[in-house]
Amino acid sequence: MKTPYIFATANQKGGVGKTTTAITLGSSLSIFGYRVLLIDLDPQASLTNHLAVEPEKLEYSVANLIISGSFNPSEAVINKYRLKNGGCIDLIPSNINLARIEAELSVSTGGGLKLKEKLKFFYDNYDYIIIDSSPALSVLLISAVAASDEVIIPVMSDFLSIRGVDLLLSTIDKIEKALDSRCTYRLLITMFDRRTSSSIRSLDYFKNKYKNAHFNSIINIDTRFRDASMLRKPLTYIDVHSRGALDYINVAREIIGDFNNGVNGRRTKDE
Ligand SMILES: Nc1ncnc2c1ncn2[C@@H]1O[C@H](COP(=O)(O)OP(=O)(O)O)[C@@H](O)[C@H]1O
Ligand SMILES: [Mg+2]
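Residues numbered from 1 in each chain as written. Chains lettered and ligands numbered in written order. Predicted model: local features only at pLDDT ≥ 70, side-chain atom pairs only at ≥ 80, totals over all residues.

Trainee: Now, about the sheet that holds strand 5 (residues 128–133): what can you tell me, with residues and values included?
Mentor: Sheets are built from strands that pair by backbone hydrogen bonding, the pairs being arranged parallel or antiparallel. The sheet built from seven strands is open, its strands ordered 3-4-2-5-1-6-7 with mixed pairing. In this open sheet, the two edge strands, each paired with only one partner strand, are strand 3 (78–82) and strand 7 (184–190). Neighbour-to-neighbour, the strand axes of the sheet open up by a mean angle of 20°, direction not taken into account. Strand direction decides the pairing type here: strand 2 (residues 35–41) and strand 5, joined by six bridges, are parallel. What sits directly across from L37, in strand 5, is I129. Packing of helix 1 (residues 18–31) onto the sheet brings it into contact with strand 1 (5–9), strand 2, strand 3, strand 4 (88–92), strand 5, strand 6 (150–156) and strand 7, and relative to strand 5 it is tilted by some 165°. (Pairing = 2+ DSSP bridges. Helix = DSSP H or I, 4+ residues; strand = E, 2+ residues; numbered from the N terminus. Axes fitted to C-alpha atoms, helices over the stretch in contact; angles between N-to-C directions. Contact = placed C-beta atoms within 7 Å.)

Trainee: Help me get a handle on the pairing of strand 3, residues and values and all.
Mentor: Two strands pair when backbone bridges link them, and strand 3 and strand 4 are joined in this way by four bridges, in the antiparallel orientation. Looking at strand 4, one finds that I78 is bridged to L91. Counting the residues in the hairpin turn of strand 3 and strand 4 gives five residues, including G86, whose phi is positive at 95°.

Trainee: Mind laying out the nonpolar core, listing which residues take part and the relevant values?
Mentor: Core analysis: the largest hydrophobic core is formed by 76 residues, its most contacted members being V36, L38, I129, V145 and I153. Here L38 is in contact with A22, I23, G26, L47, I89, L91, I130 and D132, once residues within four sequence places are set aside. (Core = buried A, V, L, I, M, F, W, Y, C linked by C-beta atoms within 7 Å. Buried ≥ 20, exposed ≤ 12 C-beta atoms within 10 Å, placed from the backbone.)

Structure (structure tokens):
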């Protein structure tokens with residue numbers, strides 16, 4: 001069975017570009033004609049807000065999807081963008097209810113595997129699913145890692161941020177062992193400022209330390225991301241020629257290229 005390739009963004013540090021990566025990479029993949037489902041797995045609902053959906057007014061959210069057995073998963077999906085080339089962005093939004101079910105998930109056996117199970121419902125409808133995580137090493141992160149084929153770790157290009165990555169990597173490793181699941185990861189440098197020599201030195205250190213475990217494309221600082229969040233749209237749709245949009249389009253190209261070259265072939269979830 002052809003299944004969607006599932007990514008999660010993760011970093012226990014806030015403000016590093018997790019949500020920006022989910023939305024801008026998702027919209028970049030959609031402009032190549034792919035069907036993309038974005039899942040907001042952060043109770044703070046930044047992704048939901050960024051796509052102009054009001055968290056307080058939701059009838060259903062990702063919390064219903066994860067926790068209720070009789071719930072029809074398609075009820076949680078909001079169709080946000082339909083492109084002429086067949087590409088789309090759909091959203092499973094979040095709100096504070098996700099924080100409420102977090103405790104319930106932690107105590108239940110297999111709580112961290114519930115999201116993965118529910119995603120099977122969407123296999124036929126999407127090419128890529130991107131889960132946006134909260135900045136916490138919690139059962140929500142476990143759920144995201146367990147459900148995904150690959151974790152994207154956005155990292156800012158300064159030494160402290162790069163050093164913080166090791167903690168996350170060892171956490172991902174523990175999650176994989178505990179759940180007996182397999183998942184790869186790739187680091188993505190975000191908010192790179194090529195005018196500062198410290199940024200450039202950090203990038204060298206980073207490339208040396210993580211060798212093949214990073215995207216070749218890097219994301220530069222671009223103030224247009226702020227405009228995009230104010231307008232509550234993906235930057236790729238507002239200005240496809242902006243630096244930030246082009247950077248994420250390059251990441252999308254890398255991902256698509258991996259598939260075409262068979263480097264990163266889709267696999268079935270029961271493998
Ligand atoms: N490449 C970038 N250049 C400039 N600002 C950025 C960039 N990426 C993200 N931002 C801004 O940084 C802030 C934090 O990004 P966000 O994606 O919300 O981080 P996280 O989800 O990790 O908390 C947001 O205001 C966002 O618009
Ligand atoms: Mg976020």
